[in-house]
Amino acid sequence: MTQYPSLHMIIDGTRVSGGNRRTSAVINPATGETLGELPLADAADLDRALEVAQSGFAIWRKSTPQERAAVLQGAARLMVERADEIARVATLEEGKPFAEAKMELMMNVGLFNFYAGEVFRLYGRELVRPEGQRSTVRWEPVGPVAAFAPWNFPLGNPGRKLGAPIAAGCSVILKSAEETPASALAILQCLLDAGLPKEVAQAVFGVPDEVSRHLLGSPIIRKLSFTGSTVVGKHLARLATENMQRTTMELGGHGPVLVFNDADVDKALANAVGGKYRNAGQVCVSPTRFIVQEDVFERFRDGFIEGARKVVVGNGLDPATTMGPMANPRRPDAMERLIGDALAKGAKLGAGGTRLGNQGYFYAPSVISEVPLDAAIMTEEPFGPVAIVNPYATEEQMIAEANRLPYGLAAYNWTNDAARQRRLAAQIEAGMVGINSHMIGGADAPFGGVKWSGHGSEDGPEGVKACMVLKAVHEG
Ligand code: NAD
């Protein structure tokens, strides 16, 4: 059985903890027990990390594609070797079922291997010029990156935040969520053990607002990469303007799912129920607003309720569990508030609507239907295990509802009408659109949103290019 590891920061390759530093407790969300005490950075720690990141950039910008590929592939291999141990730590910290944690880790493996190939394709172009002149357009690494990763994908978020800058030739200071530090440290350790120079990637933890103000307040940092809520994202984007840092912002969503009368309802249900309760709904691309055409509404709603009741809620380390607890006490509180408000405004409760058990942060897989637009949950990202199922008459109304909110991250559509599929692909305002599929990501595909869901992409060639800048060189 894996012990929960001791906690530290990694600054200049050294494990940093103790001293007079403040600490914060890491809690197992399935039991409420304290797993460990996390040291929090003080100003001197952050200054040291910045100084090291500057020297790390000087080293890594000169690295060859072969060196970058060797580190990324080596780290991917170590993640596979250590998969059970690492996934177990993620489940202890975040609560998700062990199998989900392992799948998340394998997504990092796929991404690092993809980036290991991509590092050979970061070339620019040479312009047509008369003999004796030469003009080239080059991609260069942007510089030291400050990366902030949330708790919901404790392995995948740090993987994205570390992999892209390293592929691009940048250095990176990662502040992953204080709720799930050991998972992030495990990913960074794989990179360091695979030969990444110790100055290139570091991990700090702290009081989030202190750390982000300190790092973004330094001109050493050339790029901000943030995943989290829109409200925090806007705050950080404002901080980044002071030093004109480039930004990649992966923010909130409120995933619409359009189910038309001509859809394969059984297939839509199988995908939607699985997608909804993955990681207890704490997923930025979670399917949330089910916008269902009238003829299939009752069948879809009742099928969803039946599916929700079959979800096995429990400790993520129990192999029978298909949905773990919510990751922290803020989430069941939010569920209670949002579902309570919807029901008070006339929504119907189909399943769940309650906390479960007397320890940890469990909330029942829930379905609410016929939810009025003035309910807070129709606007606020619920980030939890609740499906909102509402009936609509026409395609026009359904598209209008999908586009009503300021969010535009992932949207899903179920229809067998080919012409309608094309209209939806064109008209839905989202960074990622699924048509008869809930698989909207991949190592080779850009992941990101539009409108208040943010800007920039992670994954794909775009994820690496987001850590690079262009330079045009004209030689006479
Ligand atoms: P939150 O908005 O306070 O925090 C979200 C993340 O941002 C956390 O990882 C947190 O550590 C970090 N953060 C907060 N303030 C920060 C700051 N000033 N500087 C740097 N990082 C900061 O709230 P929360 O309770 O952790 O999560 C609530 C909401 O956040 C959810 O309802 C959801 O909408 C959103 N969220 C989104 C994602 C995502 O993948 N897009 C992930 C986690 C949370």
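Residues numbered from 1 in each chain as written. Predicted model: local features only at pLDDT ≥ 70, side-chain atom pairs only at ≥ 80, totals over all residues. Heavy atoms only, no water.

### Describing the overall build of the chain
We apply this condition: Numbering goes from the N terminus for both helices and strands, where a helix is a DSSP run of H or I of at least four residues and a strand is a run of E of at least two. Note on method: radius of gyration uses C-alpha positions; expected globular size equals 2.2 Å times residues raised to 0.38. Burial classification: accessible surface area is computed with a 1.4 Å probe over protein chains only, and a residue below 20% of its type maximum counts as buried, one above 50% as exposed, and the rest as partly exposed. Should any heavy atoms of two residues lie within 4.5 Å, those residues are counted as being in contact. Where accessible areas are quoted, they stem from the Shrake-Rupley method and a 1.4 Å probe; at the residue level, only the protein chains shown are allowed to cover. By the counting scheme adopted, Arg and Lys are positive, Glu and Asp are negative, and His together with the chain ends is not counted. Charge positions come from single atoms, namely NZ of Lys, CZ of Arg, CG of Asp or CD of Glu.
Scanning the chain for helices and strands turns up 14 helices and 22 strands. At 23 Å, the chain has a C-alpha radius of gyration in line with the 23 Å of a compact globule built from 476 residues. The burial tally for the chain puts 58% of its 476 residues in the buried class. Taking the contacts inside the chain whose residues are at least 6 apart along the sequence as the reference set, 73% of them involve residues at least 24 apart. About 18800 Å² of surface is accessible on the chain, with carbon and sulfur atoms providing 53% of the total. Put simply, the chain has 48 plus and 53 minus side-chain charges, and the middle of one group is 4 Å from the middle of the other.

### Overview of the packing of aromatic side chains
The test is simple: Put simply, two rings from Phe, Tyr or Trp (the six-membered ring, in Trp's case) pair if the centres are within 6.5 Å, and we call them stacked under 30 degrees between planes, edge-to-face over 60, tilted for the rest.
Taken as a whole and assessed by the stated rule, the structure comprises 6 aromatic pairs. Summarising the aromatic geometry, the rings of W151 and F383 are spaced 5.6 Å apart at their centres and angled 80° between planes, so their arrangement reads as edge-to-face. Within this pair, whereas W151 is found in the loop between β7 (145-149) and α5 (156-168), its partner F383 is found in the loop between β15 (366-369) and β16 (386-392), the two being separated by 232 residues in sequence. This pair shows no difference in class: W151 is buried, exactly as F383 is. Ring geometry for F290 versus F300: centroids 5.8 Å apart, planes at 35°, classification tilted. Here F300 lies in helix α10 (residues 294-310) and F290 lies in strand β13 (residues 287-293), a separation of 10 residues in the sequence.

### Structural notes on unusual backbone geometry
The phi torsion at N279 lies on the positive side, around 50°, for a residue other than glycine. Within the fold, N279 resides in the loop between α9 (265-277) and β13. Even without being glycine, N436 reaches a positive phi, approximately 55°. With respect to the helices and strands, the residue N436 is situated in the loop between β19 (432-435) and β20 (450-451). N436 gets classed as partly exposed once you look at its relative accessible area, which sits at 22%.

### Observations concerning the domain arrangement of the chain
Interface size is commonly expressed as the accessible area that is lost once the parts come together. Let me state the cut-off plainly: Domain segmentation is taken from an automatic or database assignment of domains. When two parts are brought into contact, each loses some accessible area as probed by a 1.4 Å sphere; the total of that loss over both is the buried area. Any carboxyl oxygen of Asp or Glu within 4 Å of a side-chain nitrogen of Lys or Arg constitutes a salt bridge here.
Examined at the domain level, the chain breaks down into domain 1 (9-251 + 453-475) and domain 2 (255-443). Inter-centroid distance (C-alpha atoms) of domain 1 to domain 2 is 30 Å. Contact residues are listed per partner, giving 26 residues for domain 1 and 29 residues for domain 2. Here domain 1 meets domain 2 over a buried area of about 2200 Å², counting both sides, of which 56% is carbon and sulfur. Ranking the residues of domain 1 by area buried against domain 2 places A30, W151 and S453 at the top, with a combined share of 25%. The interface formed by domain 1 and domain 2 contains 1 salt bridge.

### Concerning the site of the ligand
As a reminder, the rule being used: When at least one non-hydrogen atom of a residue lies within 4 Å of a molecule or strand, that residue is treated as near it. Here a polar contact means two N or O atoms within 3.5 Å. Within protein one must be a hydrogen donor candidate and the other an acceptor candidate, and residues neighboring in sequence count only if both atoms are side-chain atoms. Charged residues are taken to be Asp, Glu, Lys and Arg, nonpolar residues to be Ala, Val, Leu, Ile, Met, Phe, Trp, Tyr, Cys and Pro, and polar residues to be all remaining types, Gly included.
Near the ligand lie 24 residues; those nearest to it are W151, S212, S229, R330 and E381. The side chain of D209 places a nitrogen or oxygen atom 3.2 Å from a nitrogen atom of the ligand. Taking R330, its side chain carries an N or O atom lying 2.6 Å from an oxygen atom of the ligand. Contact with the protein chains hides 85% of the accessible area of the ligand, taken as 790 Å² for the molecule alone. Only β7, α7 (208-216), β10 (223-227), α8 (230-242) and α11 (330-344) provide two or more residues apiece to the shell around the ligand. Residue composition of the shell around the ligand, by class: 12 nonpolar, 6 polar and 6 charged.

### A few points about the pattern of salt bridges
Enumeration over the complete set of coordinates arrives at 32 salt bridges. Its salt-bridge partner being E401, residue R289 comes within 3.1 Å of it at the nearest N-O pair. Here E401 lies in helix α12 (residues 395-402) and R289 lies in strand β13, a separation of 112 residues in the sequence. Among the residues examined, R289 registers a relative accessible area of 3% and is labelled buried. Residue classification places E401 among the buried residues on the basis of a relative accessible area of 6%. R404 is paired through a salt bridge with E401; the nearest N and O atoms lie 2.8 Å apart. Since its relative accessible area comes to 30%, R404 is described here as partly exposed.

### Concerning helix α1 (residues 43-60)
Stated formally: By this rule, a helix spans an expected 1.5 Å times one less than how many residues it contains.
The end-to-end C-alpha separation of α1 is 25 Å, in line with the 26 Å expected for 18 residues at 1.5 Å each. All buried positions along α1 are accounted for by D45, L46, A49, L50, V52, A53, G56, F57 and W60.

### Brief notes about the sheet that holds strand β5 (residues 125-126)
The line we're drawing: When DSSP locates at least two bridges between a pair of strands, those strands are taken to pair.
Strand order across the open sheet formed by 3 strands is β5-β6-β22, with antiparallel pairing between neighbours. Among the strands making up the open sheet, the edge pair consists of β5 and β22 (468-475). With 2 bridges joining them, β5 and strand β6 (residues 134-141) adopt antiparallel strand pairing. The residue of β6 that forms the bridge with R125 is V137.

### Remarks on the environment of G384
Take G384: it is sitting in the loop between β15 and β16. In this structure G384 comes out as buried when scored by relative accessible area, which is 0%. With sequence-adjacent residues up to four places away left out, G384 is seen in contact with K276, A280, G281, Q282, M326 and M335.

### What about the sheet that holds β15?
Operational definition: For helices, the axis comes from a line fit to the C-alpha atoms of the stretch in contact; other axes are also lines fit to C-alpha atoms, and the angle between any two N-to-C directions lies between 0 and 180 degrees.
Read across the sheet, 7 strands follow the order β14-β15-β16-β13-β12-β18-β19 without closing on themselves; strand pairing throughout is mixed. The two strands at the open ends of the sheet, each matched to only one other strand, are β14 (348-351) and β19. Shown here is a sheet whose adjacent strand axes are inclined to one another by a mean of 20°, direction ignored. As paired elements, strand β18 (residues 410-414) and β19 share 4 bridges and run parallel to each other. For A411, the partnering residue across the bridge sits in β19 and is V433. Most of the contacts of α10 go to β13, to which it runs at about 145°, and overall it touches β12 (255-259), β13, β14, β15 and β16.

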